[in-house]
Amino acid sequence: MKGKTSSGFEYELDEAALDDYELLEDLCEMDEGDMTKTISVLNRLLGTEQKERLKEHLRMENGRVPASKMMNEIGEIFGNIKEGKNS
C-alpha cells in the first residue's frame, strides 16, 4: 500500500505489517497514553529506513524533529489506511 501525507511524505506499507498483533498491542498502549510505544509502532509500520526518511522530512533548521509533527504524520498514515487510500 502506497500513500502520501499532506506534508508530502511518500511511504509504502507492507500489507503484512498491518496484520501484526504486536502492532495492535502497541497501538492500544499508545491509546492508553503510553507514548513510548510510538517508536515501536513506527518501526513495525514503516521499517527503519522509511522511519529515518520521515524524520529527515520533518527535521527543522535547528536539527530537531518535532514530536507534534511526527504524531500528525502517524495519524495521517493511519487515517489513510483506515480509509483505504492508495496514491
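Predicted, not measured: the structure shown is a model, and the values here were computed from it.

Rules used in this analysis
Residues numbered from 1 in each chain as written. Predicted model: local features only at pLDDT ≥ 70, side-chain atom pairs only at ≥ 80, totals over all residues. Heavy atoms only, no water. Buried < 20%, exposed > 50% of the residue type's maximum accessible area, 1.4 Å probe, protein only. Helix = DSSP H or I, 4+ residues; strand = E, 2+ residues; numbered from the N terminus. Arc of directions from axis to C-beta. Contact = heavy atoms within 4.5 Å. Polar contact = N/O pair within 3.5 Å; in protein donor to acceptor, adjacent residues only side chain to side chain. Axes fitted to C-alpha atoms, helices over the stretch in contact; angles between N-to-C directions. Parallel < 35°, antiparallel > 145°, perpendicular 65-115°, else oblique. Left-handed = near helix turned anticlockwise from the far one by under 90°. Nonpolar A, V, L, I, M, F, W, Y, C, P; charged D, E, K, R; others polar. Core = buried A, V, L, I, M, F, W, Y, C linked by side-chain atoms within 4.5 Å. Lys, Arg positive; Asp, Glu negative; His and termini not counted. Salt bridge = Lys/Arg side-chain N within 4 Å of Asp/Glu carboxyl O.

Chemist: Describe in detail helix α2 (residues 21-31), supporting the description with residues and values.
Modeler: For α2, the set of buried residues is L23, D26 and M30. Down the axis of α2, the buried side of the element spans an arc of 60°, and every buried residue falls inside it. Exposed and oriented more than 90 degrees from the buried face of α2 are Y21 and D31. Against the buried residues of α2 lie α1 (15-18), α3 (37-58) and α4 (67-83). Put simply, D20 is the residue that caps the front of α2, since its side-chain oxygen is 2.9 Å from the backbone nitrogen of E22. Once α2 finishes, G33 follows within two positions and takes phi at roughly 105°, a positive value.

Chemist: Got a sec to walk through the packing of α3 against α4? Specific residues and values, please.
Modeler: Running from N to C, α3 and α4 point in directions that differ by 120°, and their axes come no closer than 11 Å. The orientation of α3 relative to α4 falls into the category oblique. When the axes of α3 and α4 are compared, the crossing they make is right-handed. Counted together, T38, V41, L42, L45, L46, L54, K55 and L58 of α3 and K69, M70, M71, E73, I74, I77, F78 and I81 of α4 form the full contact between these two elements. Grouping the amino acids of the contact of α3 with α4 by side-chain chemistry returns 12 nonpolar, one polar and three charged.

Chemist: So what's going on with the nonpolar core? Which residues, and what values?
Modeler: Among the nonpolar cores identified, the biggest contains 16 residues, and L13, L46, L54 and I77 are the most heavily contacted of them. Taken together, the elements giving at least two residues each to this core come down to α2, α3 and α4. Residue contributions to this core peak at six residues, all from α3. Residues contacting L46, with those up to four places away along its chain left out, are Y11, L13, K51, L54 and I77.

Chemist: For the packing of α2 against α3, give the residues involved together with the corresponding values.
Modeler: Helix-helix packing is described using two parameters, namely the angle between the two axes and the distance between the axes. For the pair α2 and α3, the least separation of the axes is 9 Å and the interaxial angle reads 150°. By the angle class used here, α2 and α3 are roughly antiparallel. Relative to α3, the crossing made by α2 is left-handed. Here E22, L23, D26, L27, E29 and M30 of α2 lie close against α3, whose contacting residues are K37, T38, S40, V41, R44 and L45. Looking at the contact of α2 with α3, its residues break down into five nonpolar, two polar and five charged.

Chemist: Can you tell me about the side chain of K51, naming the residues and giving the values?
Modeler: Along the polypeptide, K51 turns up in helix α3. For the buried K51, which has no salt bridge, the nearest side chain bearing the opposite charge is E52, at an N-O separation of 4.1 Å. Once you skip the residues sitting within four places of it in the chain, K51 turns out to touch I39, L42, N43 and L46.

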